[in-house]
Amino acid sequence: MTLVTIFGGTGFVGRYVARRMAKEGWRVRCACRRPNDSPFVRTYGVVGQVEPVFCNVRDDDSVRNVTRGADAVVNCVGILAEARRQTFEALQHSGAARIARIAAEEGVSNLVQVSAIGADEDAPSEYARTKGLGEKAVREAFPNAVILRPSIIFGHEDGFFNRFAGMARVAPVLPLVGAGTRFQPVYVDDVAAAIQMGIEGKAEPGIYELGGPDVSTFREWMEEMLAIIKRRALIVNTPTPVARLLGRGFDLVRSATGGLVRGPLTLDQVRNLSQDNIVHDGARTFADLGITPLSTEAVLPDYLWRFRPSGQYAASNESASNLRSGPGGVKGGENRAGFS
């Protein structure tokens, strides 16, 4: 039975990869910082097939222990905000370099690096800059690596649509930074399918940019989300100078508390949100992998329904309120189906 080690294998993307590979009959090591908190991955396969194992990507011996014997390695490690020693440099640059170097030394056949659209060594954002440096280090250590750059990733456990839908449930205003920035959200299992091809050696080495079938601005995506959850909220764009001041302020609070208090926004995120997050012309894409990505329209209602005023009964209530009958019957607006 072939073996794959997935760094970040219990995270949002990693767990979808683990599930796919287990179904294909692979043994799966989900390398993570807290394996005792992630027993759920064991259920993806038969007994002993999928195992969460401890790993610190900042340490050579730790990475080597979970890489030894693997036929393929996937690096899904990434962060959106720094916390103590979990810095962009330590994880997305040095960590990626360490994984690629040790994978090569251990004779691993295939390596997949999950990066991000916008990765660039010269980017103003530390997130994007360290992603770019990580890609460079991976290519130098493991020239045949497959590097995937997804746009915003959505799915049942995402931190994007779920976050803003949760805000809309309790607040009448949705403040956005970069409301005019364009995004091309991509479904998490489509990204996992691309990773699977890299693991199995079915993808040509090199860089692929992964985006869904639709491109819209941040504001337009929030409007679609609000329509799905059947709520109203005023979408307000936060001017960039104001957003920068807020980001700096929250960063100072985080630094002063040693990372114990973290704000909703960082200055680095403000910088990142000023750049479009879409597939570039001429880039290799899903089409080159033979994958047709799902649209948000096909997936979002499956998990955002819980943010609707009536939750899972929203459609039933709507149908009941639209009932019409003759004199003395049920009139529109009256609900006699037992729902409230």
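Everything here concerns the structure above.
None of the values given here were measured: they were computed from a predicted structure.

Criteria and thresholds
Residues numbered from 1 in each chain as written. Predicted model: local features only at pLDDT ≥ 70, side-chain atom pairs only at ≥ 80, totals over all residues. Heavy atoms only, no water. Helix = DSSP H or I, 4+ residues; strand = E, 2+ residues; numbered from the N terminus. Rg over C-alpha atoms; globule rule 2.2 N^0.38 Å. Buried < 20%, exposed > 50% of the residue type's maximum accessible area, 1.4 Å probe, protein only. Contact = heavy atoms within 4.5 Å. Areas by Shrake-Rupley, 256 points an atom, 1.4 Å probe, with all protein chains shown as cover. Lys, Arg positive; Asp, Glu negative; His and termini not counted. Charge placed at Lys NZ, Arg CZ, Asp CG, Glu CD. Axes fitted to C-alpha atoms, helices over the stretch in contact; angles between N-to-C directions. Parallel < 35°, antiparallel > 145°, perpendicular 65-115°, else oblique. Left-handed = near helix turned anticlockwise from the far one by under 90°. Nonpolar A, V, L, I, M, F, W, Y, C, P; charged D, E, K, R; others polar. Patch = residues over 30% accessible without salt bridge, like charges linked within 9 Å, V, L, I, M, F, W, Y side chains within 5 Å. Salt bridge = Lys/Arg side-chain N within 4 Å of Asp/Glu carboxyl O. Disulfide = S-S within 2.5 Å. Pairing = 2+ DSSP bridges. Core = buried A, V, L, I, M, F, W, Y, C linked by side-chain atoms within 4.5 Å. Expected span 1.5 Å × (residues − 1).

Asker: Can you help me understand the overall build of the protein in this one?
Answerer: Counting secondary structure elements, the protein contains 12 helices and 13 strands. Its C-alpha radius of gyration of 22 Å places the protein within 12% of the 20 Å reference for a compact globule of 340 residues. In terms of principal-axis extent, the alpha carbons of the protein reach across some 80 × 50 × 40 Å. Expressed as a percentage of its 340 residues, the buried residues of the protein come to 49%. Once local pairs closer than 6 in sequence are excluded, the contacts in the protein between residues at least 24 apart make up 74%. Carbon and sulfur atoms make up 50% of the accessible area of the protein, which amounts to about 16,100 Å² in all. Between the averaged position of the 40 positive side-chain charges in the protein and that of its 37 negative side-chain charges there is a distance of 7 Å.

Asker: Looking at this structure, I do not really get the packing of helix H5 (residues 161-170) against helix H11 (residues 296-304). What am I missing?
Answerer: When two helices pack together, their arrangement is given by the angle between the helix axes and the distance between those axes. Close contact between H5 and H11 brings their axes to 12 Å; oriented N to C, the two are set at 55 degrees. Here H5 lies oblique to H11, going by the angle between them. Here H5 runs over H11; the crossing is right-handed. Facing Phe-161, Asn-162 and Ala-165 of H5, the residues of H11 in contact are Thr-296, Leu-300, Tyr-303 and Leu-304. Class assignment of the residues belonging to the contact of H5 with H11 gives a composition of 5 nonpolar, 2 polar and no charged.

Asker: Please explain unusual backbone geometry as it appears in this structure.
Answerer: Most peptide bonds take the trans configuration, and most residues that are not glycine carry a negative phi. Here the phi dihedral of Arg-84 falls at roughly 55 degrees; this positive angle occurs in a residue that is not glycine. Note on placement: Arg-84 falls in the loop between strand S4 (72-75) and helix H3 (88-105). Looking at Arg-84, the relative accessible area reads 62%, which means it is exposed. Backbone geometry places Lys-230, a non-glycine residue, at a positive phi of 55 degrees.

Asker: Explain a nonpolar patch on the surface here, please?
Answerer: Together, Val-173, Leu-234 and Val-236 make up an exposed nonpolar region whose accessible area comes to about 220 Å². For Leu-234, the location among the structural elements is in strand S13 (residues 234-238).

Asker: Explanation requested: the environment of Arg-139 in the structure shown.
Answerer: By the element assignment, Arg-139 lies in helix H4 (residues 126-141). Remark: the alpha-carbon pair of Arg-139 and Gly-211, spanning 72 residues in sequence, is separated by 22 Å. Setting aside its immediate chain neighbours within four residues, Arg-139 contacts Ile-147 and Ile-207.

Asker: Where do I start with the state of the cysteines in this structure?
Answerer: What we call a disulfide is simply a covalent bond connecting the sulfur atoms of a pair of cysteines. Within the structure shown, the criterion is met by 0 disulfides. Free of any disulfide, Cys-55 has its nearest neighbouring cysteine sulfur in Cys-32, separated by 8.8 Å. Overall, Cys-55 belongs to the buried group, its relative accessible area being 4%.

Asker: How do you make sense of the sheet that holds strand S3 (residues 50-54) when you look at a structure like this?
Answerer: Sheet strands pair via backbone hydrogen bonds, and the direction of the pair is either parallel or antiparallel. As summarised here, the arrangement of the 7 strands in space is S3-S2-S1-S4-S5-S6-S11, forming an open sheet in which the pairing is parallel. This sheet does not close on itself; its edge strands, each paired only once, are S3 and strand S11 (206-210). Between one strand and the next, the sheet's axes are offset by a mean angle of 20 degrees, whatever the strand orientation. Bridge count between strand S1 (residues 3-7) and strand S2 (residues 27-32): 5 bridges; the pairing is parallel. By the bridge assignment, Leu-3 is partnered in S2 with Arg-27. Strand contacts of helix H2 (residues 60-67): S1, S2, S3 and S4, with the helix running at about 145 degrees to S1, the strand carrying the most contacts.

Asker: Would you explain the nonpolar core in this entry?
Answerer: The nonpolar side chains of soluble globular proteins are, as a tendency, buried together. Of all hydrophobic cores here, the largest spans 62 residues; its most connected members are Phe-161, Ile-195, Ile-199, Met-222, Met-225 and Leu-304. Residue contributions to this core peak at 8 residues, all from helix H6 (residues 188-199).

Asker: Would you mind showing me how to read H6 here?
Answerer: Every α-helix carries 3.6 residues per turn, so stepping three or four residues along brings you back to the same face. Between its terminal C-alpha atoms H6 stretches 16 Å, which fits the 16 Å expected from 12 residues at 1.5 Å a residue. Among the 12 residues of H6, 11 are classified as buried, and the element is accordingly described as predominantly covered. Burial in H6 covers these residues: Val-188, Asp-190, Val-191, Ala-192, Ala-193, Ala-194, Ile-195, Gln-196, Met-197, Gly-198 and Ile-199. Immediately downstream of H6, the backbone of Gly-201 shows phi near 75 degrees, a positive value.

Asker: Hey, could you run me through the side chain of Ser-295 in this one?
Answerer: Within the element layout of this structure, Ser-295 appears in the loop between helix H10 (286-289) and H11. Not counting chain neighbours up to four residues away, the residues in contact with Ser-295 comprise Phe-154, Pro-213 and Asp-214.

Asker: Help me understand the pattern of salt bridges, please; the structure alone is not making it clear to me.
Answerer: Summed over the entire model, instances satisfying the criterion amount to 16 salt bridges. As a salt-bridge pair, Arg-20 and Asp-189 come within 3.1 Å of each other at their nearest N and O atoms. In this pair, Arg-20 sits in helix H1 (residues 12-23) while Asp-189 sits in helix H6, placing the two residues 169 residues apart along the sequence. Through salt bridges with shared partners, a single ionic network connects Asp-60, Arg-64, Arg-68, Arg-98, Arg-101, Glu-105 and Glu-106.

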